[in-house]
Amino acid sequence: MFETLLLNFLFLLFPVLIVVIFFENRANRYNQKLLVLMSAVTMVLCMVKPIKLEMGYIYDLRYIPFILVALFGGYKNVLLLYVLLNITRFYVGGPGTLPSFLFSTAVLLLVPFLSKWFIKLSARRRISWATVLAMLTMGVYLVVLGVMKGTLDDQFWTLTVYALTTHAVVMSIIMILIEQIITNIKNRDRVLQSERLNVVSELAASVSHEMRNPLTVTSGFLQLLNKSKTITPEEKR
């Protein structure tokens, strides 16, 4: 179980590490598309390698990348993950294919709706709300599973504790890393903007100095002409 959990965690860290290594200091219009694609690959890997508990229950972390893309990217970016999620679930097979499709559709309709509100929050509140949404998503999923199962034994409650705890901890860690990357990018942009303003200020001072020199000479020359007694008033004009 713990080996698979660590493997899933590494899957989720993959897009974050790629951003830190290759894209954090390189602004590119394709960055967002690459992040969505890497999140989709991460989600599929989590579904293909689920976490298996000793009592026989299986769960995965597919909704963590799904929720992250939905919150940061909105409907347009999460649609790819929605399609791949259901294609992969159909490929894996099993009796829960239809409930999984219906549940993922509900998540697709609800979570991206919060995107604009979510982006305006502070970093700490984004971390908190992303964690809460991950737990709520998994909680509702477990409620649906419990209704379908009928009887809720000790094994089911063990699954509930494991699943909710895993989603909360993993989402918190991923969000902390994401917010740190965002902070680094903003700090870099501030430094670049400050450097640009310094260059402009120095250039303006240089131009002002170069303009002031000939004006000073001209002003002095005019004063000398005005004080001169050898030049007639007509010549001064």
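Small disclaimer: the values here were computed from a predicted structure and weren't measured. (Residues numbered from 1 in each chain as written. Predicted model: local features only at pLDDT ≥ 70, side-chain atom pairs only at ≥ 80, totals over all residues. Heavy atoms only, no water.)

Right, let's talk about the overall build of the protein for a bit. If you tally the helices and strands in the protein, you get eight helices and two strands. Seen in sequence order, the protein has helices and strands lined up from the N terminus as α-α-β-β-α-α-α-α-α-α. Per-residue burial for the protein yields a buried fraction of 34% across its 237 residues. When contacts within the protein are restricted to residue pairs at least 6 apart in sequence, long-range pairs at least 24 apart make up 71% of them. (Helix = DSSP H or I, 4+ residues; strand = E, 2+ residues; numbered from the N terminus. Buried < 20%, exposed > 50% of the residue type's maximum accessible area, 1.4 Å probe, protein only. Contact = heavy atoms within 4.5 Å.)

Checked against the element boundaries, Leu177 lands in helix α7 (residues 154-227). The class of Leu177 is partly exposed, set by a relative accessible area of 32%. Other than its neighbours up to four places away in sequence, Leu177 contacts Leu13 and Val16.

In this model helix α6 (residues 123-149) runs 39 Å from its N-terminal to its C-terminal C-alpha over 27 residues, within 8% of the 39 Å that 1.5 Å per residue would give. If you check which residues of α6 are buried, you get Arg126, Ile127, Ala130, Thr131, Leu133, Ala134, Thr137, Met138, Leu142 and Gly146. Phi turns positive, to about 95°, at Gly150, one or two residues after α6. (Expected span 1.5 Å × (residues − 1).)

With 49 residues, the main nonpolar core has Tyr59, Leu61, Phe66, Met171, Ile174 and Met175 as its most contacted residues. Counting only elements with at least two residues in this core, the list comes to α1 (2-23), α2 (31-48), α3 (63-92), α4 (97-110), α6 and α7. Take this core: its biggest share by element is twelve residues, from α3. If near-sequence neighbours (up to four positions away) are discounted, Phe66 is found in contact with Met43, Val78, Leu81, Tyr82, Leu85, Ser104, Val107 and Leu108. (Core = buried A, V, L, I, M, F, W, Y, C linked by side-chain atoms within 4.5 Å.)

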